[in-house]
Amino acid sequence: MTQAPAPPRSSFGGFDVRIDPWAVEYGAETPTEFQSDAEDASIVDVSVEVEGAAWAPIRPVVVASNQAVSFVDGVRRMEARLVVTREGRVIHGALGSFGVGVVECRDGRAVFGQERRGRLTVFGSGEVPPSPLELAPALVYAPHSVPEEDADAPLKGIHNEMRAVERQLAREHASPGRVVVADGPLAPGETTAGHVVGCVKRLFKLYVPAEQLGVLRALPMAARTPLFLIAGNDRFSRYSWFVRLGPRLSIESDFTGLVRLEVSGTVGKEEAVSLADLMTTLLPRFVPSRTRDPRAPQNLVPIGALEQHLRRGLGDARLIHRRLATRLAQESVNA
Amino acid sequence: MPDSPSSPVVGLVLGSQDATPLEFWVGVREGEHVQLDDLVVTRTTLSDGQSVTFYGIVDIVRKRFEGSQFDTDAFRVADGTLPADVSYAAHVQVTRVEPEVFVPPGPGEAVSVVRDEEFRRALYFDRMERTVAIGLTRTGEPIHANLEFLDGTRGAHASISGVSGVATKTSYATFILYSLFHSDALGLDAANAKALIFNVKGEDLLWLDKPNSKLNDETRAEYQRLGLPDGPFQSVAFFAPTRKGSDTPMPDTGSRQEGVHPYVWTVREFCRERLLRFVFVDGEDARAQIPLVISRVEQALERAARDGDQSDASVVIDGTPVASFSDLVDLLDSTALDNMMGGAPVAGGTLDAFRRRLHGAAERMGHLVSGHSQARNRTIDWSAQQVTVVDIHSLHASAQLFVVGVLLKRMMDQKERQGGSRPLVFVVLDELNKYAPREGWSPLHSVLLDIAERGRSLGVSLFGAQQTASEVERRIVGNAALKVVGRLDAAEAERSEYGFLTRVGRVRATLLRPGSMIVAQPEIPMAILLRFPFPSWATRKDEVSTSAAGPDPFARMNL
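Bear in mind that the values here come from a model prediction, so they are computed numbers and not experimental data. (Residues numbered from 1 in each chain as written. Chains lettered and ligands numbered in written order. Predicted model: local features only at pLDDT ≥ 70, side-chain atom pairs only at ≥ 80, totals over all residues. Heavy atoms only, no water.)

1. Quick look at the overall build of chain A
- Along the backbone of chain A there are five helices and twelve strands.
- Across the 335 residues in chain A, those meeting the buried criterion constitute 52%.
- Within chain A, contacts between residues separated by at least 24 positions form 67% of all contacts whose residues are at least 6 apart in sequence.
- A total accessible area of about 14900 Å² is found for chain A, and carbon and sulfur atoms account for 53% of it. (Helix = DSSP H or I, 4+ residues; strand = E, 2+ residues; numbered from the N terminus. Buried < 20%, exposed > 50% of the residue type's maximum accessible area, 1.4 Å probe, protein only. Contact = heavy atoms within 4.5 Å. Areas by Shrake-Rupley, 256 points an atom, 1.4 Å probe, with all protein chains shown as cover.)

2. Describing the nonpolar core
Residue and element names in this part refer to chain B.
- Residues Phe402, Leu408 and Leu448 are the most contacted members of the largest nonpolar core, which totals 92 residues.
- Two domains each put at least three residues into this core: domain 2 (131-263 + 378-539) and domain 3 (265-375).
- Contacts of phenylalanine 402, omitting those with residues within four sequence positions, involve Trp265, Phe270, Leu275, Phe278, Val279, Met365, Leu368 and Val369.
- Formed by 65 residues, the second largest nonpolar core is a distinct cluster that contains Leu123, Tyr124, Leu147 and Val260. (Core = buried A, V, L, I, M, F, W, Y, C linked by side-chain atoms within 4.5 Å. Domains from an automatic or database assignment.)

3. What to know about the interface of chain A and chain B
- Listed by partner, the interface residues are 20 residues for chain A and 16 residues for chain B.
- The contact between chain A and chain B buries some 1300 Å² in all, and 48% of this surface belongs to carbon and sulfur atoms.
- Together, Ala110(A), Arg285(A) and Arg292(A) form the three largest contributors to the area buried by chain A at its contact with chain B, with a combined 38%.
- Joining chain A to chain B, the criterion identifies three residue pairs in polar contact (both at pLDDT 80 or more).
- Of all elements in the fold, only strand S4 (89-106), strand S5 (109-123) and helix H4 (301-313) of chain A reach the threshold of two or more residues within the side of chain A that touches chain B.
- Element by element, the count of residues in the side of chain A that touches chain B is highest for H4(A), at six residues. (Buried area = accessible area lost by both parts, 1.4 Å probe. Polar contact = N/O pair within 3.5 Å; in protein donor to acceptor, adjacent residues only side chain to side chain.)

4. Things to note about helix H6 (residues 290-306) of chain B
Residue and element names in this part refer to chain B.
- For H6, built from 17 residues, the straight-helix expectation of 24 Å at 1.5 Å per residue is met to within 8% by its first-to-last C-alpha distance of 24 Å.
- Within the sequence span of H6, burial applies to Ile290, Val293, Ile294, Val297, Glu298, Ala300, Leu301, Glu302, Ala304 and Ala305.
- Turning to H6, the residues buried within the fold contact helix H5 (267-272), strand S14 (315-317), helix H7 (325-333), helix H8 (336-340) and helix H9 (348-365). (Expected span 1.5 Å × (residues − 1).)

5. Concerning the pattern of salt bridges
Residues and elements named next belong to chain B.
- According to the stated counting rule, one finds 59 salt bridges over all chains in the structure shown.
- Between arginine 454 and aspartate 450 there is a salt bridge; the shortest N-O distance is 2.8 Å. Taken together, the residues arginine 454 and aspartate 450, both in helix H12 (residues 445-458) and four residues apart, mark about one turn of the helix.
- Residue classification places arginine 454 among the partly exposed positions, given a relative accessible area of 31%.
- Take aspartate 450: its relative accessible area is 26%, and that puts it in the partly exposed class. (Salt bridge = Lys/Arg side-chain N within 4 Å of Asp/Glu carboxyl O.)

6. Things to note about empty space enclosed by the protein
All names here are of chain B.
- One pass over the structure, following the stated rule, counts seven cavities of 30 Å³ or more.
- Its boundaries defined by the atoms lining it, the largest cavity holds a volume of some 140 Å³.
- In this structure, the largest cavity is lined by 13 residues; those nearest its centre are Thr502, Gly505, Arg508, Met526 and Ala527.
- Sorting the residues of the lining of the largest cavity by element identifies strand S4 (51-65) and helix H15 (503-509) as the ones contributing at least two each.
- Partitioning the lining of the largest cavity into residue classes produces eight nonpolar, two polar and three charged.
- Inspection of the lining of the largest cavity shows a minimum of three residues originating in each of domain 1 (9-122) and domain 2 (131-263 + 378-539).
- Considering the residues around the second largest cavity, the lining is formed by 13 residues, among which Asp37, Asp38, Leu39, Thr137 and Thr139 are closest to the centre.
- Shared between two domains, the lining of the second largest cavity holds at least three residues of each, these being domain 1 (9-122) and domain 2 (131-263 + 378-539). (1 Å grid on protein atoms, 1.4 Å probe; cavity = no way out; pocket = protein on both sides within 12 Å on 5 of 7 lines; lining within 4 Å. Points joined across faces, edges and corners; volume = space filled by probe spheres on them. Nonpolar A, V, L, I, M, F, W, Y, C, P; charged D, E, K, R; others polar.)

7. Topic: the packing of aromatic side chains
Residue and element names in this part refer to chain B.
- Under the defined criterion, the tally for this structure stands at 20 aromatic pairs over all chains.
- With centroids separated by 6.0 Å and ring planes inclined at 85 degrees, the aromatic side chains of tyrosine 178 and tyrosine 223 adopt a geometry described as edge-to-face. Pair noted here: tyrosine 178 is in helix H3 (residues 169-181) and tyrosine 223 is in helix H4 (residues 217-225), with a separation of 45 residues, a long-range link.
- Between phenylalanine 426 and phenylalanine 463 the ring centres are 5.6 Å apart and the planes differ by 55 degrees, which places this aromatic pair in the tilted class. Of the two residues, phenylalanine 426 is situated in strand S18 (residues 425-429) and phenylalanine 463 in strand S19 (residues 460-466); the sequence distance between them amounts to 37 residues. (Phe/Tyr/Trp six-rings, centres within 6.5 Å; stacked < 30°, edge-to-face > 60°.)

8. Some words on the domain arrangement of chain B
Residues and elements named next belong to chain B.
- Assigned domains within chain B: domain 1 (9-122), domain 2 (131-263 + 378-539) and domain 3 (265-375).
- Here domain 1 and domain 2 have C-alpha centroids that lie 38 Å from each other.
- Opposite the 13 residues of domain 1 that make contact, domain 2 presents 14 residues.
- One can count two salt bridges joining domain 1 with domain 2.

9. A closer look at the environment of Arg224(A)
All names here are of chain A.
- The topology assignment puts arginine 224 in the loop between helix H2 (210-217) and strand S10 (228-232).
- With relative accessibility at 1%, the residue arginine 224 sits in the buried group.
- Through-space distance from the C-alpha of arginine 224 to that of aspartate 277 is 8.0 Å; in sequence the pair is 53 residues apart.
- In this structure the side chain of arginine 224 is engaged in a polar contact, spanning 2.8 Å, whose partner is the side chain of aspartate 277.

10. Concerning the side chain of Ser179(B)
All names here are of chain B.
- By secondary structure assignment, the location of serine 179 is in helix H3.
- A relative accessible area of 1% means that serine 179 is categorised as buried.
- Leaving out residues up to four positions away in the same chain, serine 179 has contacts with Val132, Ala133 and Leu228.

11. Observations regarding H4(B)
All names here are of chain B.
- Considered for burial, the residues of H4 that qualify are Thr219, Glu222 and Tyr223. Across the axial projection of H4, the buried residues extend over an arc of 100 degrees, all falling on one side. The exposed residues of H4 that point more than 90 degrees off its buried face are Asp217, Glu218 and Gln224. (Arc of directions from axis to C-beta.)

12. So, the sheet that holds strand S6 (residues 110-113) of chain B
All names here are of chain B.
- Reading around the barrel, the six strands line up as S1-S2-S5-S4-S3-S6 and close back on themselves, with antiparallel pairing between neighbours. The average angle at which neighbouring strand axes cross in this sheet is 40 degrees, direction not considered.
- Looking at chain direction, strand S3 (residues 39-45) and S4 are connected through seven bridges and run antiparallel. Bridge pairing links threonine 44 to valine 52 in S4. (Pairing = 2+ DSSP bridges. Axes fitted to C-alpha atoms, helices over the stretch in contact; angles between N-to-C directions.)

This is the structure we're talking about:
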């Protein structure tokens, strides 16, 4: 075993950093969702494509399927929860890694594209770790700070960093010839990216009023609902629609197998309709079987493969945890 | 970093599989390729700075989707919906560790396919003082064998196994002889070294002295790479059994008469040299008292042969002239046989059994013994030329045993009288399972065993070929330094006689094409797959003439 180089007197300056053994989330690559959907108080207009009263499933005509499409997604992992003490004050912290990548599907081939990785040491309560934490030459955790004081705040900080990188990658990849399917709802920063489609896999909020829910329930396979416009107050307006990707078993809720997609309102209605039709014909191709992915059908095949690929890139969690433990043990001896 | 391999890096030692000093896996870099039988090298550096080099041979290559869990992933990938990385890996069986520090190579170390000098090191050719070319790799690098394991210095004999017709066993044995005699491998021994080839099937070997007109430039280049001329054998004589029913000896061959010497033994030679024992070839002959009878009759015949004019082909036994093998049979049918027993307690039934068998044998090989004056000096003289081809393919199996037995016995007697291990004699004998079966008896058993066990010190090297090594006397196969297989039957390939083949090697042996062999030699821990060039000597009549023909050297193998 190669030993990490002898550490400086302390990696954390005046902070006393310990691992919180109870809070380690084993295999926590897909933990608590930080969806902002639930809190979103927005105005919904269901009559943008057809009159609300005339809502019915839409089955677009299958268009040429050689449309290039990229899928952007990220995974994150908390290596350890940290309990940081400074001058008697207890601060929550976290050590985490995330990976963001893209799968490019075109010309009948799906390939892994660009990949970005981030590793962070996050302190809450506005405190900033004094220096990057280097556990090994290729294992450096950059300092990061979040203002909140609650215990989940550092994890949320890692999540938000990952989302920011996801958005950036999606923006870079979108072009008139290539649609990017990004994981989760769009964020306000994405107004400029016309060809980024947000794909919401877990429906915390349906947006659609009760009169139209019947259409959602009875939506056939590979069909979509008419578009509706979500005009947020603190957010921005975007066109949205539901697509059924998979069948529903009798034991499952009516909304199983549905995904909600959205594009920025800035693309205009025409473009939004054609993107909606495109996605409705395109996405069912990427639906995994339930044996392949327990999150079928919403977790599309390229996304599932990408997550697996990115997780591999994060390195072995146990090894990293042990390196951290070794480092902290050395520091407590030196202290 | 240790000194980097001189050849381009094709991959890295994998860390997802155990890397050990004797075998390891290599991940092949994208855009590169590694195939079976490639020789590779990697180096690792010890903590004291010493560099250890591992040479090895690729025996498994595989590709797979990395991290793929479902069989249907292949369809998803082909659809363009599932992205997947292809992992291309090669398993390496280590042939040499230099210096001999048996640490494992490090995962992530660079691996190269070796060429030229490193190739020679990987197969220990740099340690062999005297070598002989025995073939080419599929990529055209020459492969050598250590001559010291063929000429008796440290070992002798080759055992060649394979299915008839596709394994090209005799062709390969002939090629090795060609390589021995037409390179400077033998050095000073070359002048007196001899080869005795028994032609068991067809008449392929009757054209060794003629250049092959169907040789193409590609094959010529192969001979050149091996350091061999591309021509016929330089010094050959052909002997074929005399034709039945002809007093004037004539070779009993179909495709070639010219230059083929007929062979026949005179009655006097037969008696004087005690050849009667080689007439009795059935397993049952070894039982009961028949050997005693044979021995007594031989004594009587030898005595008779010492009398009279030694230049006379016939002999007179007890006042009866014996001028042919049937005369001899007639004589022994009479009370003469009882007299020869000289009071030994032999049952009448035994004598009758002896007579019965003698009658049977007379039909099959009687024509090889003649009392005619023309038959004189028609025995096989293998001392006058380098290579002597003895055709026995037209003979009945028991007559074949007679010829092979007589020749080998005489050769061993002569070598024993001479003493010492020179001059060298190479004997090529196909269908060894018939002459020295593992189970059952053969009159040649003891002669062949003698060659296998003592031949080394007498300078006799046996190139034995057989369909199935498992049916040949264990000690004969076991004594062979060079173990060769051509195409093997699948069931045969599993037998312990082929323990020198790896699991993969056994499977490959069942797929070998004509012209490809797997060769194991004592100094290389791994059997090497090689091919040998199309013969530069003719193997049938139409190759002698200058007719143009297709380039496929093995087309006649009908594969």
